[in-house]
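Report on the structure
Residue-level listing of the chains:
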Amino acid sequence: MKKRFTFILLIAIVLLANMSLVSADMHGWWADAAAPYAGATIRGVSESTPPSNYVADVLAAQFTELTGINVEFETTSWDQMYSKAINDMEANTGIYDFVYIEQDIIYSYLAQDYLVNLTQFAADNPDLAYEGYDESAFTSFADYFKNADGDLFGVPMEAFVKVYLYRKDLFEDADIMAAFEEEYGYPLAPAENFDQYRDNAMFFTAYGENMDMDLWGTTVQGSTGHPASTYEFLESIGPSFGLYNWGINLDAGSAMSANGGALDGDTAVEALTFWLSMLPYAPPEATSSTWDEVASSFAAGRAAQGWVYGENAAWIATDDSRSAVTGNVGVRLPVTAPGVIEAAEMGDGYIGYYDGGAFGVPHSSRNKEATLLWLQFIGQQSVQAEWAAAGARITHTATFDDPLIAEQDAKVDGYYTLLEEQGPLFAGAPPFPFHAQVREVIDPFIQRAILGELSPADALSQAAAAVDEELSRLGYGM
Amino acid sequence: MTISFRQRAWRLFVTYGFWIFTTIVTLLPIWWMFVVSMRSRVELFGRPNLSLSRFFVENYTNVLTDSTFQRYMTNSVVVSTSNALLVMVLALLATYALSRYKLTGRDNIFFWLITNRMAPPAAFLLPLYIMFTRTFRLGDWTLYDTQIGLILLYCVFNLPFAIWLLKGVIDGIPIELDDAAMIDGAGLWGVLRHVIVPLAAPGLAVTGILSWVFAWNEYLFAANLTSVQARTITTGLAEFVTVTGTNWGELAAMSMLTLIPSAIIVILAQRYIVMGLTFGAVKE
Amino acid sequence: MRNPRTGWLLLSPTLIILLLFGFAPFLYVLFVGFNQWNVFSADDGLVFNGLDNFRRLVFDDDFLHSVGLTARFAIFAIGSEVVLGFVLAQMLTRNFPGKSLFRIIHTLPLMVAPIAVGAIWRLLVIPGFGPVPFFLDRWFDLKYQIGSYPDQALWTSVIMDVWHWTPFVTLTMLAGLSAIPKEPVEQARVDGANRFQVFWYVTLPFLRPVLLTTVFIRIMDAIRTVDEVWMLAGGGPGTRFTGIYIWRVVFPRTDYGYGSSISLITLYLTIVLCWLLFIAISGRRKGEVE
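Residues numbered from 1 in each chain as written. Chains lettered and ligands numbered in written order. Predicted model: local features only at pLDDT ≥ 70, side-chain atom pairs only at ≥ 80, totals over all residues.

**What to know about the nonpolar core**
Formally: A set of buried Ala, Val, Leu, Ile, Met, Phe, Trp, Tyr and Cys residues, joined through C-beta atoms within 7 Å, is what we mean by a nonpolar core. In this scheme the burial state of a residue depends on its C-beta neighbours within 10 Å: 20 or more other such atoms mean buried, 12 or fewer mean exposed, and anything in between means partly exposed; the C-beta positions come from the backbone. Only DSSP runs of H or I reaching four residues or more are called helices, and only runs of E reaching two or more are called strands; each is numbered from the N terminus. Each residue gets a C-beta atom placed from its backbone, and two residues are in contact if those atoms lie within 7 Å.
By size, the foremost hydrophobic cluster in this structure holds 317 residues, and its most contacted members are Leu263, Leu272, Ala313, Trp374 and Val467 of chain A together with Ala91 and Leu159 of chain B. The greatest single-element share of this core, amounting to 16 residues, is contributed by helix H6 (residues 147–171) of chain B. If we ignore the near neighbours within four places in the chain, the residues touching Ala313 of chain A are Val163, Leu165, Val308, Val329, Val331, Ala392, Val412 and Tyr415 of chain A.

If you want it as structure tokens, here you go:
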């Protein structure tokens, strides 16, 4: 008995020695750097999305194995995520060591000084700075998480653009093409301007009705019970007409044209009018649709074309278990008004929303060192490609060239190429030190416009007035 | 004779017609939830079909094999059971005190107790959050993300309800019975155990069941005052709603699974509700 | 014989828990309600602003609208629940084969978590995968879209609430009905009272405490409803009830000061409403006894 025990012990020692030899080459740095924090637990909060789930299920386990630091992940719904992170940071409770920062809220967090300057923190703790992690390897999306000095406050973990999706099987069907050309006098094609968009929408809605199919001409993210509708208008439709920064002039502290704002201006009214005119050509669920329901409608084959967030492009195009239109998804830049693309190329405006998020460390965290290691781990080059394949998100320039992504790119009609090449034409949310506050104020007016209770012009002028009131209440007004 | 037979047949027809109709209305949403839970994500699309096409159990196996789900379920069971027991005991004592003792400002206290259930939860979450994370703190331990925190907090909306429900029951027990027991030498606990509890049993049972159900179903507090360890099953439901599509199949499967424990409780509790039927006779 | 001190002792655990978790937060809300406080404002501290928040809410159309909607929701939902619950309970006091099965079935909706109730009803009524709009359109040519018609959203939440909470009313009514002694009912029958008279003069007075309790609990809960309606319709124009409005002001908008003052007013209105109801009903009973 005793002999056997000694024997097992011996084997164990040999094995352990062996393992440590192997890891000395590959993982030595992580183990050494993490030695003081081994056994600690760091906690984070994120929305339950495929990229987050990959972090929680795969990367966290790898990291724990390397370092002995446990990662606890709280995944929750979109509304919950904000309130929980804000409560924690505002009350300085230190529940979370890292929080998900959606691009549009970063300026609010920075204005309140909630977040640790990661660049600075790594510089102050050279022992913790991993050489395989390089801030310059990120795409330009990382710029949204930097301050004026170029210091990073969040490690980007996902990034997408909202694109124009269309059904290739419908747009390339010979009979349909002939019917369209006969009716409208020009060939059927993915929309490049708003008139064409409207023609396509009208045509396919009528086509669906005639063929007794559940098919409509466009998606509209028009939920009357959710901020998603306001977001689609302000961040996708508005910019494509040339309405930028929600029509708010922060310097003047106003959204009214009279004071240098644009929310009640002609461009805004034109954009809203166009968008609302698409409602009759959208599936009946459009007025209840948030972003995920728009994606589901498109995946169900209920819309011929539409504005869909890029994180959905990959699964709609490839995942049989969730999508009925796999292999038939075309991806293009969203439709824009004349001159908008040119202006965006000059750096004068943008054509749509560059969406995504990063992980940052709140000042209230009590395990900043361990968390810094963790963020460098998920921010390093070597984990990116598989993560991108699993979650359809790209945050590093080098990931675009990875064979895994090149293979996926072909399946999603060049979505990743579009993200790489045309990504800079898109922009994140405007750099306001408030975000949800003003959006909440605009919401009811957009919703009432969707319901037809207010005309586009009335809705926007009332919204602009309400925004001004809220701005002055927040102390950013005139 | 024939007329009375016809009348009886008619009455039978109306009774069962009524029950069958209300049963269909009651069960339709639950049936639909079951149908959805038996469908894959892509099958949900297309024209609605109320019939069950096949047994697709993947939604259930996915949920059941998830260790997170198991933890949520355990938490929910522990929290709602402990809360229901605590509420039953405290409410019994409190109601007995309010019913039998001449306490200064008794009616006002009673009404104040009730007002605790009236508070709109949203604004009260912030102070509760601060209390849970900072006020009640022992070293590194806080009430936040603990089962005991939820168990105590749920008393805020369950106790007023339980006290109000029991008030009628205990007021209905003649005080002479207490006095008789006391003359026989019973102390306070004796009276409670041998007079009040047996007579109020059906009322207590209903109180316990409903408290259990309210605690089991609570979402807002659980979502905001727990993080990882003490999360309950209702907060898990909200996680299926994501940016890249709501996983309705798994959400429905999980809803069905959360329904099972409560349904079992109701079926078991039928006996007590039947006992409640004889309650009136006791008073004679 | 009964020492009040023992009474207080029995009451004390309840009082302590409610003071800690109910009254202390209330004091905090009361304090914040008189301040301007939004963490994302330029000056993010608490600033005492007296009655400004309350002045603001009197002219806040969204708030006033939400109160109106909540009132309509509560009246229609609770009214239907009481009537339906009473009928069901009355039917359940009779003996017939299959009774306990029906009783179990009619208790089931109560067991479904509100957030799941909202999810199920959303699945039922959203065009695209919901059977309700599909069959309404096919059979009756009705256009049913809760996103496009606020009234439909309101009625859907009323029906959903009735579906969910009628079992609760049935249960309490059943308990109340079964607690009624048989003698007075039989006596009244012997005296030649018809069914309605028995109901009105015997059953109802006995049922009053239970009825009162049930209605009060339903009023309190209906006014604070958030989860179900949130899940169903997100609190759009037809369903932006006060509970949801407060939620939106406090959380996405982080306007803690204003949100607290709305909560206080809502709480105050609820209390007043319950008092009035309490006095009205107990006063009428006294009149009848005489």
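From this point, the discussion proceeds with the structure in view.
**Things to note about the domain arrangement of chain B**
The figure often quoted for interface size is the accessible area lost as the parts come together. Residue and element names in this part refer to chain B. Operational definition: Domain ranges listed in this record stem from an automatic or a database domain assignment. Note on residue classes: Ala, Val, Leu, Ile, Met, Phe, Trp, Tyr, Cys and Pro are nonpolar, Asp, Glu, Lys and Arg are charged, and everything else, Gly too, is polar.
According to the domain assignment, chain B consists of domain 1 (1–56) and domain 2 (59–282). Inter-centroid distance (C-alpha atoms) of domain 1 to domain 2 is 32 Å. Contact residues are listed per partner, giving 8 residues for domain 1 and 8 residues for domain 2. Across the side of domain 1 that touches domain 2, the residue classes break down as 4 nonpolar, 2 polar and 2 charged.

**Observations concerning the confidence of the model for chain C**
All names here are of chain C. The following threshold applies: Each residue gets a pLDDT score, which is the predictor's confidence in that residue and runs from 0 to 100.
Mean pLDDT over chain C: 88, with 96% of residues reaching 70 or higher. Confidence drops under pLDDT 50 across residues 285–290; counting only partners more than four residues distant or on other chains, this segment forms 3 contacts. In the predicted complex, the global pTM is 0.91; the interface-specific ipTM is 0.90.

**Section: the interface of chain C and chain A**
Counting residues at the interface gives 27 residues for chain C, matched by 29 residues for chain A. Split by residue class, the side of chain C that touches chain A holds 11 nonpolar, 11 polar and 5 charged.

**A short note on the pairing of strand E4 (residues 155–167) of chain A**
All names here are of chain A. Note the following rule: Two strands pair if DSSP finds at least two bridges between them.
In terms of residue burial, E4 counts as a mostly covered element, since 13 of its 13 residues are buried. Here E4 runs beside strand E7 (residues 354–360); their pairing, made up of 6 bridges, is antiparallel. Paired with Glu158 across the two strands is Gly357, which belongs to E7. With 5 bridges connecting them, E4 and strand E5 (residues 305–309) associate as antiparallel partners. Counterpart to Leu165 in the pairing with E5 is Gly306. As judged from the 4 bridges shared by E4 and strand E6 (residues 329–332), these two strands associate in the antiparallel manner. In the strand pairing of E6, Arg167 is matched with Val329.

**Here's the deal with helix H12 (residues 242–250) of chain C**
With 9 of 9 residues buried, H12 of chain C lies mostly within the body of the structure. Residues of H12 of chain C that are buried: Thr242, Gly243, Ile244, Tyr245, Ile246, Trp247, Arg248, Val249 and Val250 of chain C.

**Quick notes on unusual backbone geometry**
If you check the backbone angles, Asp145 of chain B has positive phi at about 60° while not being a glycine. By the secondary structure assignment, Asp145 of chain B is in the loop between strand E2 (141–142) and H6.

**Focus on the environment of Glu181 of chain A**
Position of Glu181 of chain A relative to the elements: it lies in helix H8 (residues 174–184). Setting aside its immediate chain neighbours within four residues, Glu181 of chain A contacts Tyr186, Pro187 and Leu188 of chain A.

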